[in-house]
Amino acid sequence: MKMIAIATVIALALGGAPPGYAQSYPSHPITIIVPFPAGGPTDTLARILSERMRVSLGQPVIIETVTGAGASIGVARAAQAAPDGYTLSIGNWTSHVGAGAMYPAVHDAVLELPPKNAQELIAWLKANPAKASAATVGSGSGAHICLLYFQQKTGTSFQFVPYRGGAPVMQDLVAGQIDFFCAEASQTLSFLRSGAIRPFAVMSKERWPAAPDVPTMDEVGVSGMYISFWNGLWLPKGTPPEIVAKLNGAVVDTLADATVRQRLTELGHVIATREEQTPEALGAFHRAEIEKWWPIIKTANVKPE
């Protein structure tokens, strides 16, 4: 299963600092906390954005990797930072939807799956319950809940194999050590182009522009199965609105930059429209995702590992 990565926007809680507080901002480097392992898709995205944001902000933007507890440690550290605009977090479905539903603040040799398309995969999984293995990147991660959702919508069953991050999953997927994976689109593109992995479907309403020959789940007969792996940027609650606006402007400038857009497109990201690149838009989308997915996570009784 291949997932569409929705564009990066910035959603921030507005604060109430006195007017003029942000006149000299920023006066020193800014840190973006990545709650996932270095080298993964979120880390790569953060580094692309930070390179261009420093041009708009006039200060270096440093990447700090803080992993653990389903990405909740990095998110918590960023949320507890001083609300002065110097610490942001970048995250996605796993860190900002799945983790919040669960955290308060060695497997057998696998099969070489015979199916050549999504319909054949579903039929094979139904005929061979619990024989295939699917990778997750932690309990309650986007990949994990995507697979639970897939089981629910298709009436299939298979084994779950936990990994520490997307990079080692892709290594084992290519090597044939794991059968399949609900992946963020951007981390699959080079493997798709080289033929190292086989795409079955995208879980979105439209086909993925980077791989237009891959059908949607609607097209393979499983209607209404949509889950997107999206990314966003957050600041601690209480950050002054002037700083929120300045940082949001830097992100908007970055996503409008032709070089950045080309790099993100080459990685398979789908960039949000300008109207979606606002704190309010991401805030509304984030709330809707929590309302949709938390009941599913809690009903499935997903617990921290």
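The rules behind the values
- Along each chain, numbering runs from 1 in the same order as the chain's sequence is written.
- Whole-chain, interface and lining totals are the exception, using all residues; otherwise, since this is a predicted model, local features are given only for residues with pLDDT of at least 70 and side-chain atom pairs are given and counted only at 80 or more.
- Side-chain measures were taken over the full set of non-hydrogen atoms in the model, leaving aside hydrogen atoms and water.
- By definition, two strands form a pair when at least two bridges between them are found by DSSP.
- In this description a helix means any DSSP run of H or I spanning at least four residues, a strand means any run of E spanning at least two, and both kinds are numbered starting from the N terminus.
- We call two residues contacting when some pair of their heavy atoms lies within 4.5 Å.
- Helix axes are fitted to C-alpha atoms over the stretch in contact, other axes to C-alpha atoms as well, and angles between N-to-C directions run from 0 to 180 degrees.
- For salt bridges, the criterion is a side-chain nitrogen of Lys or Arg within 4 Å of an Asp or Glu carboxyl oxygen.
- Relative accessible area decides the class of each residue, using a 1.4 Å probe on protein chains only: under 20% of the type maximum gives buried, over 50% gives exposed, and in between gives partly exposed.
- pLDDT measures the predictor's confidence residue by residue and takes values from 0 up to 100.

Draft legend 1. Main features of the sheet that holds strand E7 (residues 159-162). Here we have three strands laid out as an open sheet, ordered E7-E6-E8, and parallel in their pairing. Both outer strands of the open sheet, E7 and strand E8 (180-181), are each paired with one neighbouring strand and no more. Against the sheet, helix H5 (residues 142-154) makes contact with strand E6 (133-136), E7 and E8, and its axis sits at roughly 145° relative to E6, the strand it touches most.

Draft legend 2. Here's a closer look at the pattern of salt bridges. What the rule picks out here adds up to five salt bridges. Put simply, Asp257 and Arg52 hold a salt bridge, and the shortest N to O gap is 3.1 Å. Asp257 sits in the partly exposed class, given a relative accessible area of 21%. Residue Glu64 is joined to Arg77 by a salt bridge in which the shortest nitrogen-to-oxygen separation is 2.9 Å. Taken together, the residues span a long stretch of sequence, with Glu64 in strand E4 (residues 61-65) and Arg77 in helix H2 (residues 72-79) at a distance of 13 residues. Residue classification places Glu64 among the partly exposed residues on the basis of a relative accessible area of 31%. Classification of Arg77 as partly exposed rests on a relative accessible area of 43%.

Draft legend 3. Main features of the confidence of the model for the protein chain. Per-chain confidence: the protein chain averages 83 in pLDDT, with 88% of residues scoring 70 or above. Considering only residues more than four positions removed or in separate chains, one finds that residues 1-19, a stretch of pLDDT under 50, has 99 contacts. In the predicted structure, residues 105-111 sits below a pLDDT of 50 and forms 13 contacts with residues beyond four places in sequence or in another chain.

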